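Structural description and commentary
Residues per chain are reported as follows:
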Amino acid sequence: MREQDAESVQAWVKNKLSPKTTAPEDFNWLLLADVCCESAPKSQKGSGLPERTWAEVATTIYERLADDADLKKTAAGSLLRLLQ
């Protein structure tokens, strides 16, 4: 995924997390979210803020993982919400 641009990764994630499709079984979503956070390049304007699309992809994944954990009644949902 690191070779992909943020918009392509965002489209793939939205497609795979859509209720109309099935997400890959045993896919490491947490790792992808972490990689997206690390891949967020610094703004070209010198503000030091991460590029927004990478941050949105990571947040989308973290939210989905937290929602899934909440449905399973585990404490992981609360922990994942702290990562956002």
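Throughout what follows, the structure given in this document is the object of discussion. Source: prediction; values computed, not measured. (Residues numbered from 1 in each chain as written. Predicted model: local features only at pLDDT ≥ 70, side-chain atom pairs only at ≥ 80, totals over all residues. Heavy atoms only, no water.)

**Details of the overall build of the protein**
Threshold: The helix and strand labels rest on DSSP assignments: H or I over at least four residues marks a helix, E over at least two residues marks a strand, and numbering proceeds from the N terminus. Working definition: with a 1.4 Å probe on protein chains only, accessible area under 20% of the residue-type maximum means buried, over 50% means exposed, and in between means partly exposed. Throughout, a contact is declared for two residues whenever any of their heavy atoms are within 4.5 Å. All accessible-area figures derive from a Shrake-Rupley calculation using a 1.4 Å probe, and residue coverage is judged against the displayed protein chains alone.
The number of helices and strands found in the protein is four helices and zero strands. Walking the protein from its N terminus toward its C terminus, one meets helices and strands in the order α-α-α-α. In the protein, which comprises 84 residues, the proportion classed as buried is 27%. Of the contacts formed within the protein by residues at least 6 apart in sequence, a portion of 44% connects residues at least 24 apart. Per element, the accessible surface of the protein, about 5900 Å² overall, is 54% carbon and sulfur.

**Regarding unusual backbone geometry**
With a phi angle near 60°, D26 is a residue other than glycine that sits in the positive phi range. Along the polypeptide, D26 turns up in the loop between α1 (6–16) and α2 (29–39).

**With respect to the pattern of salt bridges**
Quick reminder of the rule: Salt bridge, as used here: a side-chain nitrogen of Lys or Arg that lies within 4 Å of a carboxyl oxygen of Asp or Glu.
Overall, the coordinates contain two salt bridges when judged by the stated rule. E56 is the salt-bridge partner of R52, the closest N and O atoms lying 2.6 Å from each other. Here R52 and its partner E56 are both found in helix α3 (residues 52–71), four residues apart, which amounts to about one turn of the helix. Note on E56: relative accessible area 29%, which makes it partly exposed.

**A look at the packing of α1 against α2**
The axes of two packed helices give the description: the angle between them and the distance between them. As a reminder of what qualifies: Helix axes are fitted to C-alpha atoms over the stretch in contact, other axes to C-alpha atoms as well, and angles between N-to-C directions run from 0 to 180 degrees. Throughout, the term roughly parallel applies to angles under 35 degrees, roughly antiparallel to angles over 145, roughly perpendicular to angles from 65 to 115, and oblique to all others. It is the rotation of the near helix from the far one that decides the hand of a crossing: anticlockwise by less than a right angle makes it left-handed, clockwise makes it right-handed. Charged means Asp, Glu, Lys or Arg here, nonpolar means Ala, Val, Leu, Ile, Met, Phe, Trp, Tyr, Cys or Pro, and polar covers whatever is left, Gly included.
At a minimum axis separation of 13 Å, α1 and α2 run at an interaxial angle of 155°. The pairing of α1 with α2 is recorded here as roughly antiparallel in orientation. At the point where α1 passes α2, the crossing takes the left-handed sense. Contacts between α1 and α2 pair V9, W12, V13 and K16 from the former with W29, L32 and C36 from the latter. Looking at side-chain class alone, the contact of α1 with α2 contains six nonpolar, no polar and one charged residues.

**Focus: the packing of aromatic side chains**
Put simply, the test is: Think of it this way: a Phe, Tyr or Trp ring, Trp meaning its six-membered ring, pairs with another when their centres are within 6.5 Å, and the plane angle makes it stacked under 30 degrees, edge-to-face over 60, tilted otherwise.
A complete count under the given rule lists three aromatic pairs for this structure. Note on W12 and F27: the rings are 5.4 Å apart at their centroids and 55° apart in plane angle, and the pair reads as tilted. Here W12 is found in helix α1, whereas its partner F27 is found in the loop between α1 and α2, with 15 residues between them in sequence. Every member of this aromatic cluster is reached through a ring pair, and the members are W12, F27 and W29.

Coordinates in, geometry out; function isn't part of it.
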